[in-house]
Amino acid sequence: MGQAKPFEISKQVVWEAYKRVKANKGAAGVDKQSIQEFEERLKNNLYKLWNRMSSGSYFPPPVREVEIPKRDGRKRALGIPTVSDRIAQMVVKMYLEPKVEPYFHEDSYGYRPKKSAIEALGITRQRCWRYDWVLDLDIRGFFDNLDHELLMRAVRKHTDSEWILLYVERWLKAPVQLKNGTLVKREKGTPQGGVASPLLANLFLHYALDEWMRRNYPDIVFARYADDAVFHCRTEAEAQMLKKAIGERLAHCKLELHPEKTKIVYCKDDQRRGDYSNKKFEFLGYTFRGRLSKSRMGKRFVGFSPAVSREAAKSMRSAMRSWRLHRASNKTLEDIADGINPVLRGWINYYGRYRKSALYPIFQHLNCTLMRWAMWKYKRLKGCSRKAKQWLDQVSRHDPDLFAHWQMGL
């Protein structure tokens with residue numbers, strides 16, 4: 001008989017973890033191995049991973065740093081683990097998540113089973129009608145500054161499993177490999193891009209913020225999605241008091257509020273008087289502000305409501321430009337539709353949930369791009385936007401379901 005492993009980890013869970021990682025896709029890590037390459041020796045690779053995790057000899061490789069643009073023009077660093085490391089993290093997540101999930105706050109919506117950003121937006125929309133003031137919270141460099149000791153203390157509250165604690169600690173300490181190959185040791189933070197990072201971040205903020213709010217300010221409601229949170233207050237004074245208290249609490253947890261991005265907002269509508277400098281806020285790709293609306297009786301009024309943010313619209317237009325559709329003259333219109341419809345449906349389902357009409361200018365921009373494609377592809381339409389528009393209108397009337405946004409009547 002073989003020697004028993006010190007840690008009891010199910011091979012079936014490792015297999016399930018692999019399937020989930022494959023479904024999530026994702027880029028290669030420092031070893032440049034893709035999921036397809038990992039699958040070339042799938043059974044051997046999964047067995048080797050299970051064997052090392054079960055024996056305690058698994059050490060995560062460095063994470064590969066990539067930079068993506070932020071809304072303010074700066075760059076955000078993501079840490080991309082290798083395929084095998086993503087599977088290992090998924091194994092730990094599958095064991096740890098059921099232990100911590102029942103304790104999480106009902107208004108924590110980020111990266112949780114059966115919770116979504118749309119839910120967070122919906123409850124925030126309703127509360128903006130009931131409460132006059134919002135504290136729009138921004139934690140400076142949250143993922144980069146998580147304190148390892150405090151995080152491990154939170155993990156130990158929910159599990160005494162040696163192997164889970166061992167590997168979480170090793171992931172926290174795994175170095176980052178920069179573009180030039182330099183390895184940077186990590187003393188704090190958890191890399192955005194890791195499979196386990198969202199769960200660990202939620203666990204940290206559960207104790208740093210959610211549970212603290214429940215104990216100290218049970219009558220103040222809020223919605224949190226990862227490190228993005230809004231708090232609803234009755235008065236400006238209450239919002240100012242809460243801002244100060246949360247700032248002190250986060251400092252105690254070795255984090256800090258962003259001084260410029262954290263702001264107090266007046267939810268101004270037709271029922272609310274007074275003029276204040278901050279009358280809008282952004283949350284999860286939507287801008288909440290006073291907007292002209294129409295009641296069921298046809299009466300016009302100003303209500304405080306969400307619509308797709310300018311930054312999200314800019315990001316969608318940027319994505320459309322990157323497709324370079326007007327140069328894809330080797331493709332048919334059906335080919336183009338098949339390629340981009342999944343993305344369009346995702347945008348419509350998310351950003352069209354509230355104030356769908358705010359998406360119209362974005363999709364009119366896409367129609368203009370399709371007109372340019374037609375002028376590039378068909379000689380009879382070359383250089384004539386009027387004819388191209390007539391042609392595209394005719395196609396959309398004949399086949400209104402061809403593009404996802406045409407189903408909105410555009």
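The model shown is predicted, which means the values in this text are computed figures rather than measured ones. (Residues numbered from 1 in each chain as written. Predicted model: local features only at pLDDT ≥ 70, side-chain atom pairs only at ≥ 80, totals over all residues. Heavy atoms only, no water.)

**Focus: the environment of glycine 274**
Logical step 1: By secondary structure assignment, the location of glycine 274 is in the loop between β8 (263-266) and β9 (280-283).
Logical step 2: Since its relative accessible area comes to 39%, glycine 274 is described here as partly exposed.
Logical step 3: Ignoring sequence-local partners within four residues, the contact set of glycine 274 consists of Tyr266 and Lys268. (Helix = DSSP H or I, 4+ residues; strand = E, 2+ residues; numbered from the N terminus. Buried < 20%, exposed > 50% of the residue type's maximum accessible area, 1.4 Å probe, protein only. Contact = heavy atoms within 4.5 Å.)

**Thoughts on the nonpolar core**
Logical step 1: Ranked by internal contacts, the top residues of the largest apolar core, which has 71 residues, are Met53, Ile87, Met213, Phe231 and Ile246.
Logical step 2: With sequence-adjacent residues up to four places away left out, isoleucine 87 is seen in contact with Val14, Ala17, Tyr18, Val21, Phe38, Leu46 and Leu49.
Logical step 3: Within the second largest apolar cluster, 56 residues are counted, among which are Ala226, Val230, Val265 and Phe283. (Core = buried A, V, L, I, M, F, W, Y, C linked by side-chain atoms within 4.5 Å.)

**Some thoughts on the packing of aromatic side chains**
Logical step 1: Under the criterion given, the structure shown has 24 aromatic pairs.
Logical step 2: A ring pair is formed by tyrosine 58 and tyrosine 167, whose centres lie 5.9 Å apart and whose planes are at 70°; its orientation type is edge-to-face. One end of the pair, tyrosine 58, is in the loop between α3 (42-55) and β1 (63-69); the other, tyrosine 167, is in helix α8 (residues 162-173), and 109 residues separate them in sequence. Note on accessibility: tyrosine 58 and tyrosine 167 belong to one class, buried.
Logical step 3: Taking the centre distance of 6.4 Å and the plane angle of 65° together, the rings of phenylalanine 142 and phenylalanine 204 count as edge-to-face. In this pair, phenylalanine 142 sits in helix α6 (residues 142-145) while phenylalanine 204 sits in helix α9 (residues 197-216), placing the two residues 62 residues apart along the sequence.
Logical step 4: Accessibility expressed as a relative area gives 4% for phenylalanine 204, which makes it buried. (Phe/Tyr/Trp six-rings, centres within 6.5 Å; stacked < 30°, edge-to-face > 60°.)

**Some thoughts on the sheet that holds strand β10 (residues 286-294)**
Logical step 1: Here three strands make up an open sheet; going across it, the order is β9-β10-β11 and the pairing antiparallel. For this open sheet the edge positions go to β9 and β11 (300-308), each flanked by a neighbour on one side alone. Across the sheet, the mean angle separating the axes of adjacent strands is 45° when strand polarity is ignored.
Logical step 2: In the sheet, β10 pairs with β11 via nine bridges, with the strands oriented antiparallel. When the bridges of β11 are listed, glycine 290 appears paired with phenylalanine 304.
Logical step 3: In the packing of helix α11 (residues 310-323) onto the sheet, the strands contacted are β9, β10 and β11, and the crossing angle to β11 comes to about 50°. (Pairing = 2+ DSSP bridges. Axes fitted to C-alpha atoms, helices over the stretch in contact; angles between N-to-C directions.)

**With respect to helix α14 (residues 385-398)**
Logical step 1: With 14 residues, α14 extends 20 Å between its outermost C-alpha atoms, agreeing within 8% with the 20 Å of an ideal straight helix rising 1.5 Å per residue.
Logical step 2: Residues Ala388, Trp391, Leu392, Val395 and Ser396 constitute the buried set of α14. Taken end-on, α14 shows its buried residues confined to a sector of 135°, consistent with a single buried face. In α14, the exposed positions angled more than 90 degrees off the buried face are occupied by Arg386, Gln394, Arg397 and His398. (Expected span 1.5 Å × (residues − 1). Arc of directions from axis to C-beta.)

**So, the sheet that holds strand β7 (residues 228-233)**
Logical step 1: The strand order β6-β7-β3-β8 describes an open sheet built from four strands, whose pairing is antiparallel. Both outer strands of the open sheet, β6 (222-225) and β8, are each paired with one neighbouring strand and no more. Put simply, the sheet's adjacent strands are angled 20° from each other on average, direction ignored.
Logical step 2: Two elements, β6 and β7, share four bridges in a ladder whose sense is antiparallel. Bridge assignment links arginine 224 to a residue of β7, and that residue is alanine 229.
Logical step 3: Its contacts with the sheet put helix α5 (residues 117-130) on β3 (133-138), β6 and β7, and the angle it makes with β6 is roughly 155°.
Logical step 4: Here α9 sits on the sheet and contacts β3, β6 and β7; the angle it forms with β6, its principal contact strand, is near 175°.

**Notes on the pattern of salt bridges**
Two side chains of opposite charge can pair, provided their charged atoms sit close to one another.
Logical step 1: Going through the model one piece at a time under the given rule, you end up with 16 salt bridges.
Logical step 2: Three or more residues are tied together by salt bridges with common partners; here these are Glu16, Lys19 and Arg20. (Salt bridge = Lys/Arg side-chain N within 4 Å of Asp/Glu carboxyl O.)

**Here's the deal with the packing of helix α7 (residues 148-156) against α8**
Logical step 1: Their axes nearest at 11 Å, the elements α7 and α8 cross at an angle of 160°. Judged by the angle between their axes, α7 and α8 are roughly antiparallel. In the packing of α7 onto α8, the handedness of the crossing is right-handed. For the pair formed by α7 and α8, the contact residues are His148, Leu151, Met152, Val155 and Arg156 on the first element and Leu165, Val168, Glu169, Leu172 and Lys173 on the second.
Logical step 2: For the contact of α7 with α8, the class distribution of residues is six nonpolar, one polar and three charged. (Parallel < 35°, antiparallel > 145°, perpendicular 65-115°, else oblique. Left-handed = near helix turned anticlockwise from the far one by under 90°. Nonpolar A, V, L, I, M, F, W, Y, C, P; charged D, E, K, R; others polar.)

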